[in-house]
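Tertiary structure, described
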Amino acid sequence: VQLQASGGGLVETGGSLRLSCVYSQTLFKTNTVGWYRQAPGKQRELVAVYKNTGNVDYSVSVKGRFTISRDVAKRTVSLQMSSLKPEDTAVYYCNLEGYLDPWNGIDAWGKGTQVTVSS
């Protein structure tokens, strides 16, 4: 399974960006699909994901500013980011985790897209 993210860039504090990710195939079972990020010198962290329950988890640091959406038919997941802050600067990765079939799990990552928020 391949994931291709796009939409990163340079934006000023308070600005907005929209990230999109398209994945190459639908899984037999999807556990989570969504976005993570990794800032320089820090561990990768969850930003926002859809869970197989249909619920969405957001990081506390982005709740109210970021909105995740998905289109199952188009195999896309997007992240609308508003009120951006310098601390949102990171490489953003889309992720798809689940099962290819009843026996084989998969945890697939896109290559990442850089988001830089200037102060």
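So, here is what we can say about the structure in this document. Being a predicted model, the structure only gives us computed values, none of them experimental. Note on numbering: residues in each chain are counted from 1, in written sequence order. Two thresholds apply to this predicted model, a pLDDT of at least 70 for residue-level local features and 80 or more for giving and counting side-chain atom pairs, whereas whole-chain, interface and lining totals are computed over all residues. The side-chain values count all of the structure's non-hydrogen atoms but skip hydrogen atoms and water molecules.

Quick look at the overall build of the protein chain
- Secondary structure is summarised from DSSP: a helix means a run of H or I of at least four residues, a strand means a run of E of at least two, and numbering begins at the N terminus for each. Summing up its helical and strand segments, the protein chain has zero helices and eleven strands in all.
- The linear arrangement of helices and strands in the protein chain, starting from the amino end, is β-β-β-β-β-β-β-β-β-β-β.
- Restricting the calculation to C-alpha atoms gives the radius of gyration, and the globule rule supplies 2.2 Å times the number of residues raised to the power 0.38. Relative to a compact globule of 119 residues, whose C-alpha radius of gyration would be 14 Å, the protein chain shows 14 Å and is just as compact.
- On the protein chain, roughly 6,500 Å² of surface is accessible, and the fraction owed to carbon and sulfur atoms is 48%. Residue burial considers only the protein chains on display, and all accessible areas are found by Shrake-Rupley using a 1.4 Å probe.

Considering the sheet that holds strand β1 (residues 3–6)
- At least two DSSP bridges between two strands are required for those strands to pair. A sheet is described by the order of its strands in space; here four strands give the open sequence β1-β3-β8-β7, paired in antiparallel fashion. A strand with exactly one partner marks an edge of an open sheet, and here the two such strands are β1 and β7 (66–71). Averaged over neighbouring strand pairs, the angle between their axes works out to 15° when direction is ignored.
- Pairing between strand β3 (residues 17–23) and strand β8 (residues 76–81): six bridges, direction antiparallel. By the bridge assignment, Leu-19 is partnered in β8 with Leu-79. Axis angles are defined between N-to-C directions and span 0 to 180 degrees, where every axis is a line fitted to C-alpha atoms and, for a helix, only to the segment in contact.

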